[in-house]
Amino acid sequence: MNEKLQLSCANCTVGNCAKRDKKYPSFCLTENTEQSVIDDVTKKYFNSRTNKKIALTAAGIEGDYYGKLTRVEETLLFIQKMGYKKVGVATCIGLLNECNLFAKVAQAKGIELYGVACKVGSIDKTEIGIAEVQKIRPGNHEAMCNPILQAELLNQAKTEFNIIIGLCVGHDTLFIKHSKAPVTYLIVKDRVLCHNPASALYNTGSYYGRLLGPDLPAPVEKNN
């Protein structure tokens, strides 16, 4: 291991901070963070009404339904318990079917959804500097994903809580950055693994062993 690597929770296999039934590793952040810092952050759960309500609601759902509800059910229950009246959805246009299904489920519970698809505005990718050859289908109009506009339209709609359904890596980052309302994920996009990215990690001992190597995927040549 690189001696210059700063060890953190990403390297921990103990998890003693959860139950205190084991021994903390020498690099443990719980042990090595000054108590004053921990205390100052803890106050943020009390000094902000929003922080406190979100924290208590999330912990309550975890305590009552741990391992019993799907992510869809947990999300709906969180919305209800938080008292959100208008919920936004930032969806990938390729997952409109999933978004439609979720809208039906939510509406059956009396939850109002307002969705915005990623291609909203229909701005061609070349208008922001993407080369024609970088398009999936060069030579055709190909709208850019527009997460900032998605966030702006949901901000204008005054949604109280926003849900991401399948935005691309990086596009989700921009959406979260520009959303005024709190954000959660319902679906994390992974087209290869049917939107289950953790599967690649579970299979690093077999099919996805290449992930443990130093190389990133090589550029893909396109047949124009």
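Since we're looking at a predicted model, the values are computed, not measured. (Residues numbered from 1 in each chain as written. Predicted model: local features only at pLDDT ≥ 70, side-chain atom pairs only at ≥ 80, totals over all residues. Heavy atoms only, no water.)

Draft legend 1. Up close: the pairing of strand β2 (residues 112–117). Note that strand β1 (residues 86–91) and β2 share six bridges and pair parallel. Note that in β2 the partner of Gly88 across the bridge is Tyr114. Read from β1 through helix α6 (residues 96–108) to β2, the crossover connection turns out right-handed. (Pairing = 2+ DSSP bridges. Helix = DSSP H or I, 4+ residues; strand = E, 2+ residues; numbered from the N terminus. Right-handed = clockwise from strand over helix to strand, strands pointing away.)

Draft legend 2. Structural view of the layout of surface pockets. Estimates place the volume of the second largest pocket at around 290 Å³. What lines the second largest pocket is Ile54, Ala58, Ile61, Glu62, Arg71, Glu74, Thr75, Phe78, Phe161, Pro182, Val183 and Thr184. At the level of elements, α4 (49–65), α5 (71–82) and β4 (183–187) are the ones that each hand at least two residues to the lining of the second largest pocket. (1 Å grid on protein atoms, 1.4 Å probe; cavity = no way out; pocket = protein on both sides within 12 Å on 5 of 7 lines; lining within 4 Å. Points joined across faces, edges and corners; volume = space filled by probe spheres on them.)

Draft legend 3. Fine view of the environment of Gly209. Relative to the helices and strands, Gly209 resides in the segment after α9 (198–202). Not counting residues up to four positions away in its chain, the partners in contact with Gly209 are Asn203 and Thr204. (Contact = heavy atoms within 4.5 Å.)

Draft legend 4. Structural detail: the nonpolar core. If you look at the biggest cluster of nonpolar residues, it comprises 32 residues, and the most contacted ones within it are Val87, Leu113, Ile163 and Ile165. The set of elements that each furnish at least two residues to this core consists of α5, β1, α6, β2, α7 (147–156), β3 (161–165) and β4. A per-element tally of this core places α5 first, with five residues. Other than its neighbours up to four places away in sequence, Val87 contacts Ile79, Ile111, Glu112, Leu113, Tyr114, Thr159, Phe161 and Ile163. (Core = buried A, V, L, I, M, F, W, Y, C linked by side-chain atoms within 4.5 Å. Buried < 20%, exposed > 50% of the residue type's maximum accessible area, 1.4 Å probe, protein only.)

Draft legend 5. Geometry of the pattern of salt bridges. By the definition in use, this model includes four salt bridges. Lys22 is the salt-bridge partner of Asp21, the closest N and O atoms lying 3.4 Å from each other. A residue is classified by how much of its surface remains accessible, and Asp21, at 49% relative accessible area, is partly exposed. In this structure, Lys125 engages Glu142 in a salt bridge whose closest nitrogen and oxygen atoms are separated by 2.8 Å. Of this pair, Lys125 sits in the loop between β2 and α7 while Glu142 sits in the loop between β2 and α7, and the two are 17 residues apart along the sequence. We classify Glu142 as buried; its relative accessible area is 9%. Overlapping salt bridges, with partners in common, bring together Asp124, Glu132 and Lys135 in one network. (Salt bridge = Lys/Arg side-chain N within 4 Å of Asp/Glu carboxyl O.)

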